[in-house]
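Fold and geometry: a report
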Amino acid sequence: MKLFKEKKILQYAAVFVLISFIYVMWRLMLPNENGIRIFMGILIAGEAVFDLIMLKKKKLTADVLVASIIFAGFVMRIGYMLYTPASVRSHDMWEFEKDGYGHAGYILTLIEDKMLPQTNTRQYYQQPFFYILCALVSAPINSFLGGTGGHDPEMIVDTGKIISSAASCIVLLMTDTFCKELDLKGKYRAAAVGFVAFCPAFYLSERITPDMLCTLFMTIALVYTLRWYRSPDWKNTIILAVTYGCGVMTKLSIGSLALFTAGVFAWKFFGSVKEKKFGPYIPKFIVFALISLPLGLWYSVRNYRRFDQPFGYVLEIPSDHELYTGDHSFFQRIILPDIPNFVTEPYAEVFDDYNLWTYMVKSSLFGEFKFDVPSIIPIGLMLAAIALTVPAVTGVLKGAFRIKENRDQFLVSASVIVFMASIVYFYIKYPNGCSMDFRYMTFIVAPAAVLAGKYCEENGKKWIGTLYASAVPVYALFSVLMYTMIR
C-alpha cells in the first residue's frame, strides 16, 4: 500500500488549507461567538437529520455514517477553535509580546527576530517545531489581513491555532485508518470514530501549545509501526524516522512511544536472527538513527551547550506550591479512581484533585476549566464517558493477551500500555495537579476507541457491545450540547 496511492498526503493538505481558509474568512467577517455556536448546532443537527433520512431509506451504510461523523467532528473542532480566543482557556500563554515568558512570546519572537529565542526562560526551553510552524502560518496570514487585526500581537498568536486544529482533524481522519488497519467494520467502526470525533479533549487541545501536534505525530508513528512490523521496507522505515524526528522536535514526550517502536524493531530483528535473515535490517536501523536522532535532538543539544540545560528538562513545581499533590499517599494518587469525587464534582479541580484516573476522565471532558451550562449537561457527558471507559479499558487489556491470535491488536494495546506507564511514571516523579491533564494523553483516545470496537465486534452478543454502541451517541449528544452552549 503506497503512501501516495492512498492520496492521504493530499487529503491532509486539503484539511490544512480548508482550516486556514475558514480562519481567514472568520477574521474578515468577524462574526460573534454566539453566531458561530449556533451555526455549529445547525450543521450538526442537519447532519443528524440527513443520517435519519438515509436510515429510513435503508441507505445508511457504515461508510456514509463514518463520513457524517467525521464531518460533525470537524465542525466541533473548527468551531471551537474559532469561537475561543487564544487568551481564553489557554495554558502558559503569558504576555502577548515579544520576549514574553510563555507560548505567545515564543511565537512573536520567532516572527519578529526570524530566529529562535536566545534566552532560556519559561516556555522557551520547549522543542521548537510547533512554534516554527505557527510562525510560518501566522506571518503571511496576518500580513495579508493587515488592518483586520493583522498587527495585533494577540491575533498574530491566535493564528497559530490553525496548526493545532489541523492536527486534531487529521487525527480524526486517521482514526478510520486505525479501523482499517485492525479490520474493524460496521457499527463498531462508526462507534470508534464517533468516540474520537466527539471527545472534548480534541477541542480543548486546539490551543497554542505543542500537545495536539505531538498527538498527531504519535498517531502517525503508531500506524507506521504497525505497517513496518508487517512490511519492514525502506518506505516505512524512513517515514517512521522522519515522524519521530519531527515528533521529538515538537515535544519530548513522544520518546515514550519511541520505546514501543524500538521494542517492535528488536522483536523483528531477533526473529530474523533465528532465521539468519537479519542482514537487511541493519542498514535500515542505521538510516533510521541517522535521520531521527539529529532531527529530534538538535534543540536539546543546543540548549545543553548554550544554557547547560539537562536533557529531558521539565520545570519543577516546589512542594509548597498549591499544585503539589505529593502529600497524598501513592494509593490515593495512583491505585484506584476516586469514585466519590466523580459524584460530587464533574469538573477537574487542578488545585485539589490528586487521583490520576479521576482527573484523567474529568480533564478529557472539561480540561482544567468550569463552564456556565445547566448541570445536567456536564453530568450526562461524565456518565457517558465513564460508560465508554469500560469497553476502552477492556479492549486495551484484552488486546494485550492476543499476541498469538492477533498481532496487530496486541501491538496497539502494547503502545497504549507503554504510553500510560510513562504517564504514571511522570506523575510519580512530578506529583502536581497539572501533571495529570489529559491534554498530554490525547494520543490514547484513538487506539483505545478502536480496540474497544474490536473487542465488542468479537464479543458482540455480550452486554459490553451494547454498552459501547449505545453510549457513543449519548456521549456525542452531550459533547455537542456542552461545547455549543458554553460561555
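Note that residues are indexed from 1 along each chain, following the sequence as it is written. For a predicted model such as this one, the threshold for reporting local features is a pLDDT of at least 70, and the threshold for listing and counting side-chain atom pairs is 80 or more; totals across whole chains, interfaces and linings nevertheless cover every residue. Neither water nor hydrogens contribute to the side-chain values; these are computed over all heavy atoms in the structure.

**Concerning the overall build of the protein**
Every helix listed is a DSSP run of H or I at least four residues long, and every strand listed is a run of E at least two residues long, numbered separately from the N terminus. When helices and strands are tallied, the protein shows 20 helices and zero strands. Put simply, the radius of gyration uses C-alpha atoms, and a globule should come to 2.2 Å times the residue count raised to 0.38. In terms of C-alpha radius of gyration, the protein reaches 22 Å, essentially the compact-globule figure of 23 Å for 487 residues. Principal axes of the C-alpha set define a box for the protein whose edges measure 60 × 60 × 50 Å. Going through the 487 residues of the protein one by one, you find that 56% of them count as buried. In the protein, the share of contacts with a sequence separation of at least 24, taken over all contacts with a separation of at least 6, comes to 74%. When the accessible area of the protein is evaluated, it comes to approximately 21,300 Å², of which 67% is carbon and sulfur surface. Whether a residue is buried, partly exposed or exposed follows from its accessible area with a 1.4 Å probe, protein chains only, as a fraction of its type maximum: under 20%, in between, or over 50%, in that order. For this analysis, residues touch if any pair of their heavy atoms sits within 4.5 Å. Here the accessible surface of atoms and residues is derived via Shrake-Rupley with a 1.4 Å probe, and residues count as covered only by protein chains that are part of the display.

**Considering the packing of aromatic side chains**
Any pair of Phe, Tyr and Trp rings, taking the six-membered ring for Trp, is counted once the centres come within 6.5 Å. Such a pair is stacked with planes under 30 degrees apart, edge-to-face with planes over 60 apart, and tilted for the rest. Under the counting rule described, the total for this entry stands at 30 aromatic pairs. Centre to centre, the rings of Trp298 and Tyr299 are 5.5 Å apart; their planes meet at 80 degrees, and the pair counts as edge-to-face. For Tyr299, a relative accessible area of 0% puts it in the buried group. Among the aromatic side chains, those forming a connected cluster through ring pairs are Trp228, Tyr244, Phe265, Phe269, Phe270, Phe278, Tyr281, Phe285 and Phe288. Directly above the aromatic system of Tyr83 lies the positively charged group of Arg37, at a separation of 4.9 Å from the ring centroid. For a Lys NZ or an Arg CZ to count as sitting over a ring, it must be within 6 Å of the ring centre and within 35 degrees of the ring normal. For the cation-ring pair, Arg227 lies above Tyr224, with the distance from its terminal atom to the ring centre recorded as 4.9 Å.

**Considering the nonpolar core**
As used in this record, nonpolar core signifies buried Ala, Val, Leu, Ile, Met, Phe, Trp, Tyr and Cys residues forming a set joined through side-chain atoms within 4.5 Å. Phe198, Tyr468, Tyr475, Met482 and Tyr483 are the most contacted members of the largest nonpolar core, which totals 161 residues. Filtering out sequence-adjacent residues up to four positions away, Tyr475 remains in contact with Phe195, Phe198, Cys199, Pro200, Leu365, Leu381, Ala384, Ala385 and Leu388.

**Observations concerning the packing of helix H3 (residues 62–83) against helix H8 (residues 186–197)**
Angles run from 0 to 180 degrees between N-to-C directions of axes, and those axes are lines fitted to C-alpha atoms, restricted for helices to the stretch in contact. Following both chains from N to C, one finds H3 and H8 inclined at 5 degrees, their axes separated by 9 Å at the closest point. The angle between H3 and H8 places the two elements in the roughly parallel class. Residues Ala62, Asp63, Leu65, Val66, Ile69, Ile70, Gly73 and Arg77 of H3 form the contact with H8, whose participating residues are Gly186, Arg189, Ala190, Val193, Gly194, Val196 and Ala197. Its residues assigned to classes, the contact of H3 with H8 comprises nine nonpolar, three polar and three charged. By the definition adopted for this analysis, an angle is roughly parallel if under 35 degrees, roughly antiparallel if over 145, roughly perpendicular if from 65 to 115, and oblique otherwise. Under this grouping Gly is polar, as are all residues other than the nonpolar Ala, Val, Leu, Ile, Met, Phe, Trp, Tyr, Cys and Pro and the charged Asp, Glu, Lys and Arg.

**Details of the pattern of salt bridges**
One side-chain nitrogen of Lys or Arg within 4 Å of one carboxyl oxygen of Asp or Glu is enough to make a salt bridge. Scanning all chains against the criterion turns up 17 salt bridges. The shortest N-O distance in the salt bridge between Arg189 and Asp63 comes to 2.7 Å. Of this pair, Arg189 sits in helix H8 while Asp63 sits in helix H3, placing them 126 residues apart in sequence. For Asp176, the salt bridge is made with Lys180, and the minimal N-O distance between the two is 3.7 Å. Taken together, the residues Asp176 and Lys180, both in helix H7 (residues 161–181) and four residues apart, mark about one turn of the helix. Among the charged side chains, a salt-bridge network with shared partners connects Asp63, Asp176, Lys180 and Arg189.

**Some thoughts on helix H1 (residues 8–29)**
Here the expected length of a helix is defined as 1.5 Å per residue gap, with one fewer gap than residues. The terminal C-alpha atoms of H1, which comprises 22 residues, lie 31 Å apart, in line with the 32 Å expected from a rise of 1.5 Å per residue. The complete set of buried residues in H1 reads Lys8, Tyr12, Val15, Ile19, Ser20, Tyr23, Val24, Trp26 and Arg27. Each buried residue of H1 lies within a common arc of 160 degrees when the element is viewed along its axis, so the set occupies one face. For H1, the exposed residues lying more than 90 degrees away from the buried face are Leu10, Val17, Phe21 and Met29. Looking at the buried side of H1, the elements it contacts are helix H2 (33–56), H3, helix H5 (129–145), helix H6 (153–158) and H7. When we speak of the arc, we mean the arc of directions from the helix axis to the C-beta atoms.

**A short note on the environment of Phe311**
Note on placement: Phe311 falls in the loop between helix H13 (281–307) and helix H14 (330–335). Each C-alpha atom of the pair Phe311 and Met40 lies 44 Å from the other, and the pair is 271 residues apart in sequence. Discounting chain neighbours no more than four positions away, the residues touching Phe311 are Ser300, Val301 and Tyr304.

**Focus on the packing of H1 against H5**
Helix-helix packing is characterised by the crossing angle of the two axes and by the distance between the axes. Taken N-terminus to C-terminus, the directions of H1 and H5 make an angle of 35 degrees; their axes are 11 Å apart at the nearest point. Here the hand of the crossing between H1 and H5 comes out right-handed. Here Phe16, Val24, Arg27 and Leu28 of H1 come into contact with H5, specifically with Val137, Ile141, Asn142, Phe144 and Leu145. Crossing handedness: left-handed means the near helix sits turned counterclockwise from the far one by under a right angle, and right-handed means the same turn made clockwise.

**Comments concerning unusual backbone geometry**
Phi is positive for Lys58, close to 60 degrees, though the residue is something other than glycine. Here Lys58 lies in the loop between H2 and H3. Even without a glycine there, the phi angle at Trp94 is positive, about 60 degrees. Within the secondary structure, Trp94 sits in the loop between H3 and helix H4 (103–113). Using a relative accessible area of 45% as the deciding quantity, one classes Trp94 as partly exposed.

**Some thoughts on the state of the cysteines**
Working definition: a disulfide is two cysteine sulfur atoms within 2.5 Å of each other. Enumeration according to the criterion identifies zero disulfides in this entry. This cysteine, Cys246, is not joined by any disulfide, and Cys214 carries the nearest cysteine sulfur, 12 Å off. Judged by its relative accessible area of 12%, Cys246 falls in the buried class. Unpaired in terms of disulfides, Cys456 finds its nearest cysteine sulfur in Cys179, a separation of 12 Å. Classification of Cys456 by relative accessible area gives buried; the value is 0%.

**A short note on the side chain of Lys362**
By the element assignment, Lys362 lies in helix H16 (residues 356–366). Any pair of nitrogen or oxygen atoms within 3.5 Å is treated as a polar contact; in protein, a donor-acceptor pairing is required on top of that, and neighbouring residues in sequence qualify only through side-chain atoms on both sides. There is a polar contact of 3.5 Å between the side chain of Lys362 and the backbone oxygen of Tyr347. Residues contacting Lys362, with those up to four places away along its chain left out, are Asn341, Phe342, Glu345, Pro346, Tyr347, Ala348, Asp353, Gly367 and Met382.

**Here's the deal with helix H10 (residues 211–230)**
A rise of 1.5 Å per residue sets the reference length of H10, with its 20 residues, at 28 Å; its end C-alpha atoms lie 29 Å apart and thus fit the reference within 8%. Burial runs high along H10: 19 of the 20 residues are buried.

**Some points on a nonpolar patch on the surface**
Distance thresholds for patches are 9 Å for like charges and 5 Å for nonpolar side chains (Val, Leu, Ile, Met, Phe, Trp, Tyr), applied to residues having over 30% relative accessible area and no salt bridge. A cluster of nonpolar side chains, Leu252, Leu293, Leu297, Val301, Tyr304 and Phe311, forms an exposed patch at the surface whose accessible area comes to about 520 Å². Looking at the element boundaries, Tyr304 is found in helix H13.

**Let's talk about the side chain of Thr215**
Tracing the backbone shows Thr215 in helix H10. With residues up to four places along the chain from it excluded, the contact list for Thr215 reads Val171, Thr442 and Phe443.

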